Amino acid sequence: MSNHTGITRSAIHRDHALITPESHVPIVFPQWPGCESVVLISPEMGAKFSQMLVKCNAGASMTPLSSADEVFILVQSGAVVVECEGKNTAAQADDFFFLPADTPWKLTSDSATLLLFSKPFVSCDLPQPGMLHRSLKDVPAEPFLGDPGALLQVLLPDDPAYDWGINLFEFVPGGTLPQVECHFMEHGLLLLAGQGVYRLGDRWYPVTAGDAIWMGPYLLQWYAATGKENSRYIYYKEMNRPPVPARQP
Ligand code: UGY
Ligand code: MN
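Residues numbered from 1 in each chain as written. Chains lettered and ligands numbered in written order. Predicted model: local features only at pLDDT ≥ 70, side-chain atom pairs only at ≥ 80, totals over all residues. Heavy atoms only, no water.

### Concerning the site of ligand 1
Right, on to step 1. Every residue close to ligand 1 is listed here: F144, F169, L177, E181, H183, H187, Y198, M215, Q221, Y233, Y235 and K237.
Right, on to step 2. A distance of 2.6 Å separates a nitrogen atom of ligand 1 from a polar atom in the side chain of E181.
Right, on to step 3. H183 is positioned with one of its side-chain polar atoms (N or O) 3.2 Å from an oxygen atom of ligand 1.
Right, on to step 4. Residue composition of the shell around ligand 1, by class: 7 nonpolar, 3 polar and 2 charged. (Near = heavy atom within 4 Å. Polar contact = N/O pair within 3.5 Å; in protein donor to acceptor, adjacent residues only side chain to side chain. Nonpolar A, V, L, I, M, F, W, Y, C, P; charged D, E, K, R; others polar.)

### Thoughts on the environment of E70
Right, on to step 1. In this fold, E70 is placed in strand β6 (residues 69–84).
Right, on to step 2. The exposure class of E70 is buried, given its relative accessible area of 0%.
Right, on to step 3. Counting along the chain gives 132 residues from E70 to D202, while the straight-line C-alpha distance between them is 32 Å.
Right, on to step 4. Excluding residues that lie within four positions of it along the chain, E70 makes contacts with F98, L99, P100, A101, F117, S118, K119, P120, F121, D163 and W164. (Helix = DSSP H or I, 4+ residues; strand = E, 2+ residues; numbered from the N terminus. Buried < 20%, exposed > 50% of the residue type's maximum accessible area, 1.4 Å probe, protein only. Contact = heavy atoms within 4.5 Å.)

### Observations concerning the coordination of the manganese ion (ligand 2)
Ideal coordination angles are 109.5 degrees for a metal with four donors arranged tetrahedrally and 90 or 180 degrees for a metal with six donors arranged octahedrally.
Right, on to step 1. The protein atoms that coordinate the manganese ion (ligand 2) are E181 (OE), H183 (NE2), H187 (NE2) and Q221 (OE1), at distances spanning 2.1 to 2.3 Å.
Right, on to step 2. The site at the manganese ion (ligand 2) holds 6 donor atoms, and with the angles between them running 76 to 175°, its shape is octahedral.
Right, on to step 3. Going along the chain, you hit the donors of the manganese ion (ligand 2) in the pattern E-x1-H-x3-H-x33-Q.
Right, on to step 4. The class of H183 is buried, set by a relative accessible area of 11%. (Donors = N, O, S within 2.8 Å, 3.2 Å for Na, K, Ca; no water. Tetrahedral: all angles 85-135°; square planar, octahedral: opposite > 155°, others 65-115°.)

### Concerning the sheet that holds strand β2 (residues 16–19)
Right, on to step 1. One open sheet accounts for 8 strands, arranged β1-β2-β17-β14-β19-β13-β12-β11; its pairing is antiparallel. At either end of the open sheet lies a strand with only one pairing partner, and these are β1 (11–12) and β11 (141–144).
Right, on to step 2. Across 4 bridges, strand β14 (residues 187–193) lies against strand β17 (residues 212–215) in antiparallel orientation. When the bridges of β17 are listed, G188 appears paired with W214. (Pairing = 2+ DSSP bridges.)

### Comments concerning the side chain of S50
Right, on to step 1. Here S50 is to be found in strand β4 (residues 50–56).
Right, on to step 2. Setting aside residues up to four positions removed in sequence, S50 forms contacts with I41, S42, P43, L116, F117 and S118.

### Topic: the state of the cysteines
Right, on to step 1. Tallied over the entire structure, the rule returns 0 disulfides.
Right, on to step 2. C35 carries a free sulfur, and the closest cysteine sulfur to it, the one in C56, is 4.1 Å from it.
Right, on to step 3. The class for C35 is buried, based on a relative accessible area of 2%.
Right, on to step 4. Of the cysteine sulfurs around C84, a residue in no disulfide, the closest is that of C56, at 16 Å. (Disulfide = S-S within 2.5 Å.)

### Observations concerning the packing of aromatic side chains
Right, on to step 1. Counting across every chain of the model gives 18 aromatic pairs.
Right, on to step 2. Ring centres of F171 and Y223 lie 5.1 Å apart, and the angle between their planes is 65°; on these two criteria the pair is classed as edge-to-face. With a gap of 52 residues between them, F171 in strand β13 (residues 164–171) and Y223 in strand β18 (residues 221–226) connect regions that are remote in the sequence. The exposure classification of F171 matches that of Y223, with both residues buried.
Right, on to step 3. Between Y233 and Y235, the aromatic rings sit 5.9 Å apart at their centres with planes inclined by 65°, giving edge-to-face as the arrangement.
Right, on to step 4. With relative accessibility at 2%, the residue Y233 sits in the buried group.
Right, on to step 5. Judged by relative accessible area, Y235 falls into the buried class, the value being 8%.
Right, on to step 6. Ring-pair connections join several aromatic residues into one group, and the members of that group are F49, F72, F96, F98, F117, Y162, W164 and Y236. (Phe/Tyr/Trp six-rings, centres within 6.5 Å; stacked < 30°, edge-to-face > 60°.)

Remember, this is a structural readout, not a statement about activity or role.
Written out as structure tokens, the structure reads:
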């Protein structure tokens, strides 16, 4: 890949970011031998969570980077085995895992691409949920607020013990979010298919499959799907916990 123009669609702001594939720079962590990781979103940019793409090569393995972190992994392609809570689970494309904080786990693979969300678990007076493995195919898609042009899959169980939600939206061309949203909960998002226009604060960004977005607290947000095929995005959201004190500048 070479770029002779210095132009990118990536845009990093105090309260939001768009990270597009031409600006990805991989890193190899010692805890993840054989893995090339692109850290799309992290606390370094002001977020309270991380979002990464991981390419597993032959003999790859991964263990927790931080024991305080819970981790969500979507297998985008290839095959993996996850060892957690005394079980070995084989998984392939479209399978996903929830791996609880303070719980040892190990993922091995010879070839896979993964999407990861991770963050320190925020406890409440309910027990932390255990490891979960499911496939996107097993999760029903429901019209969002009654709109059949915007189908929502809620990937984690509706249970206040979870402090986050991971959801998948599918929009028909011309489908939109029904309102310009404003909420304290952050989002991390990856566009999996199709294209559209994302409003982030006072800017409107053309976005396409492979683009990642960080939305900070209270960011105005709205989406309209364009093009001729359905667009799909997966996103992280804080759930079931009150707001935390403001970040220090
Ligand atoms: O769950 C949400 O807040 C979602 N509707 N937001 C979004 O897709 N930007
Ligand atoms: Mn939202």
